[in-house]
Each structure stands twice: as C-alpha cells, then as structure tokens.
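So you can see what is in the structure, the chains are spelled out below.
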Amino acid sequence: GVCLFMMLAGDRPWGRASPGDNEFRNMSAGRLADILENHWHIDLSEDAVDLLQGMLFANPHDRLSLQQVRAHPWIDGPMINPMNNL
C-alpha cells in the first residue's frame, strides 16, 4: 500500500508509521480520502483511493487480502487510456 501510494501521490504517506504521527493515525483509521482531497490537494480516482485505503489500514484484519487487491476494480477493471481524451 505504501509503495502504491508513493507512485500515485508522489510522496510517502507519513513520516513514521506510529500512532504519534498524525498522517499515519488518520490514514490508517480510514480518513485517506479526506486527507488527500482537503489537506494534500491530490486528485485520485475513487477506485484508486478505495484501493489505497483498503491497503493502508493499521489493523491487518481490516486490510484487503491479496485476492481482494487483485480483484479490485482499479487493478482488474477496464484500462482507460488517458491519451484517448486528447
């Protein structure tokens, strides 16, 4: 999740993965969409944010499994070529 976040957002999601880090605490608690939109001003698709959030929960039981990641619409959905809009 962290590697995908860095590829899509261009920065690491938090300074240190610890409860004392505000970004870590908020993102791993399910507030990723709010942080990206209102604080970092990063515009990602809803599917991308949903996938990232599912991968970044602190509790492993809340995270997506590998099978869920592979079946996620952002991974397995139709590929959209951004060049088609030109």
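Relevant structure appears above.
Residues numbered from 1 in each chain as written. Predicted model: local features only at pLDDT ≥ 70, side-chain atom pairs only at ≥ 80, totals over all residues. Heavy atoms only, no water.

**Q** Would you mind going over the overall build of the chain with me for this structure?
**A** Scanning the chain from N- to C-terminus turns up six helices and zero strands. The order of helices and strands in the chain, counted from the N terminus, is α-α-α-α-α-α. Along the three orthogonal principal directions, the C-alpha set of the chain runs to about 45 × 30 × 20 Å. Of note, the chain has its 6 positive side-chain charges centred 12 Å away from the centre of its 11 negative side-chain charges. (Helix = DSSP H or I, 4+ residues; strand = E, 2+ residues; numbered from the N terminus. Lys, Arg positive; Asp, Glu negative; His and termini not counted. Charge placed at Lys NZ, Arg CZ, Asp CG, Glu CD.)

**Q** What's the story with the packing of aromatic side chains in this structure? I'm lost.
**A** When we look at a pair of aromatic rings, we describe it by the centre distance and by the angle of the planes. Applying the stated criterion across every chain, the model contains two aromatic pairs. Where Phe5 meets Trp40, the ring centres are 5.5 Å apart and the plane angle is 80 degrees; that geometry is what we call edge-to-face. One end of the pair, Phe5, is in helix 1 (residues 2-9); the other, Trp40, is in the loop between helix 3 (32-39) and helix 4 (46-56), and 35 residues separate them in sequence. Judged by relative accessible area, which is 24%, Trp40 ranks as partly exposed. (Phe/Tyr/Trp six-rings, centres within 6.5 Å; stacked < 30°, edge-to-face > 60°. Buried < 20%, exposed > 50% of the residue type's maximum accessible area, 1.4 Å probe, protein only.)

**Q** So what exactly am I meant to see when it comes to the packing of helix 1 against helix 4 here?
**A** The geometry of helix 1 relative to helix 4 is characterised by a closest axis approach of 9 Å and an angle of 150 degrees between their N-to-C directions. Taken together, the axes of helix 1 and helix 4 lie roughly antiparallel to each other. Read as a crossing pair, helix 1 and helix 4 show a hand that is left-handed. Residues Val2, Leu4, Phe5 and Leu8 of helix 1 pack against Ala48, Leu51, Leu52, Met55 and Leu56 of helix 4. Taken together, the residues that form the contact of helix 1 with helix 4 break down as nine nonpolar, no polar and no charged. (Axes fitted to C-alpha atoms, helices over the stretch in contact; angles between N-to-C directions. Parallel < 35°, antiparallel > 145°, perpendicular 65-115°, else oblique. Left-handed = near helix turned anticlockwise from the far one by under 90°. Contact = heavy atoms within 4.5 Å. Nonpolar A, V, L, I, M, F, W, Y, C, P; charged D, E, K, R; others polar.)

**Q** Explain the environment of Ala17 here, please?
**A** As for its placement among the helices and strands, Ala17 is situated in the loop between helix 1 and helix 2 (22-27). Given the relative accessible area of 52%, Ala17 is considered exposed. The spacing of Ala17 and Ser28 is eleven residues in sequence and 9.4 Å in space, taken between C-alpha atoms.

**Q** How should the packing of helix 3 against helix 4 be read in this particular structure?
**A** The packing of two helices is summarised by the inter-axis angle and the distance between the axes. Contact geometry of helix 3 with helix 4 gives a least axis separation of 9 Å together with a crossing angle of 125 degrees. Overall, the two elements helix 3 and helix 4 adopt an arrangement that is oblique. Residues Leu32, Ala33 and Leu36 of helix 3 form the contact with helix 4, whose own contacting residues are Val49, Leu52, Gln53 and Leu56. Class assignment of the residues belonging to the contact of helix 3 with helix 4 gives a composition of six nonpolar, one polar and no charged.

**Q** For this particular structure, what's the right way to read the side chain of Gln53?
**A** Along the chain, the position of Gln53 falls in helix 4. Classification of Gln53 by relative accessible area gives buried; the value is 10%.

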